[in-house]
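Descriptive structure summary
The residues making up each chain are set out below.
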Amino acid sequence: MAWFSDNFNAGTLDAQWIIGTATNGNVTAGATFVTLTASDGNVDPWSDVEMLYQTPGGDFTSVAKFDGLGTVNVNYRAVGVVARVDDTHFVTMMKQNSAGEKLWREDNNGAGDIYSTGTARTDATIYFKLERAGSVFTSSWGTDGSTWIGTETSGGNTFYSTSNSLKVGMFAARANAGTNFTINVDDWTVTGGTTFPS
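Residues numbered from 1 in each chain as written. Predicted model: local features only at pLDDT ≥ 70, side-chain atom pairs only at ≥ 80, totals over all residues. Heavy atoms only, no water.

What follows is about unusual backbone geometry. Phi at Phe8 is positive, roughly 55 degrees, even though this residue is not glycine. Mapped onto the fold, Phe8 is located in the loop between β1 (2–6) and β2 (18–21). (Helix = DSSP H or I, 4+ residues; strand = E, 2+ residues; numbered from the N terminus.)

This is the structure we're talking about:
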């Protein structure tokens with residue numbers, strides 16, 4: 001059952017999105033996609049700019065399609081999807097440039113970061129998926145939105161109990177000096193077993 005989906009074709013942002021931007025960061029709605037502009041600073045430990053949706057709690061699957069990933073070609077630039085309780089409890093699946101463009105998974109349980117092994121990729125378009133089953137999160141990626149690759153599952157983390165109502169969404173980050181960069185997202189869906197009130 002779909003809680004919320006957005007193909008970003010309206011030219012304006014849906015009111016359900018929670019937008020966070022640091023200095024000079026921006027979210028711009030276009031005719032066929034939304035553009036995230038990453039700049040200086042942070043709105044949480046990872047993001048310079050983010051779009052989040054408040055889930056009602058329980059299990060979910062979220063999928064986002066990112067285009068224009070060729071801009072993640074400077075050290076410490078990153079884009080991806082995130083599920084977050086607060087600033088110190090979150091899970092991400094992302095493309096990050098760290099001595100080369102790689103796909104990473106990060107699980108921060110409040111005690112520190114746990115990174116997966118980076119997978120080198122230079123695709124211009126990538127789908128990222130995050131799934132939640134109780135306290136376990138599974139992250140994966142693909143190039144067509146149906147075949148999923150590089151699936152990794154976090155160990156059960158009791159902090160993420162089924163009663164937690166997480167925010168899920170997309171982010172871009174630029175943790176280096178230099179010019180801002182942009183990334184496009186042209187499809188987003190989050191599904192779960194609970195109907196979210198409109």
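When a protein is soluble and globular, its nonpolar side chains tend to lie buried together. Grouped together as the largest cluster of nonpolar side chains are 36 residues, with contacts concentrated most on Leu36, Phe66, Val81, Met170 and Trp188. With five residues, the top contributor of residues to this core is strand β16 (residues 181–192). Apart from residues lying up to four places away in sequence, Leu36 is in contact with Asn26, Val27, Val49, Met51, Met170, Phe171, Ala172, Phe181, Thr182, Ile183 and Val185. Core analysis: the second largest hydrophobic core is formed by seven residues, Phe90, Met94, Trp104 and Phe171 among them. (Core = buried A, V, L, I, M, F, W, Y, C linked by side-chain atoms within 4.5 Å. Buried < 20%, exposed > 50% of the residue type's maximum accessible area, 1.4 Å probe, protein only. Contact = heavy atoms within 4.5 Å.)

Of note, Thr35 is situated in strand β4 (residues 34–38). A polar atom in the side chain of Thr35 sits 2.7 Å from the side chain of Asn184. When near neighbours in sequence (up to four residues on either side) are disregarded, Thr35 contacts Asn26, Val27, Thr28, Thr182, Ile183 and Asn184. (Polar contact = N/O pair within 3.5 Å; in protein donor to acceptor, adjacent residues only side chain to side chain.)

Scanning the model with the defined rule gives three salt bridges in all. Between Lys65 and Asp186 there is a salt bridge whose closest N-O contact spans 3.6 Å. On the criterion of sequence distance, the pair formed by Lys65 in strand β6 (residues 60–67) and Asp186 in strand β16 is long-range, its members being 121 residues apart. Ionic pairing is found between Glu131 and Lys129, a salt bridge with its closest N-O pair at 3.8 Å. We classify Glu131 as partly exposed; its relative accessible area is 27%. With relative accessibility at 11%, the residue Lys129 sits in the buried group. (Salt bridge = Lys/Arg side-chain N within 4 Å of Asp/Glu carboxyl O.)

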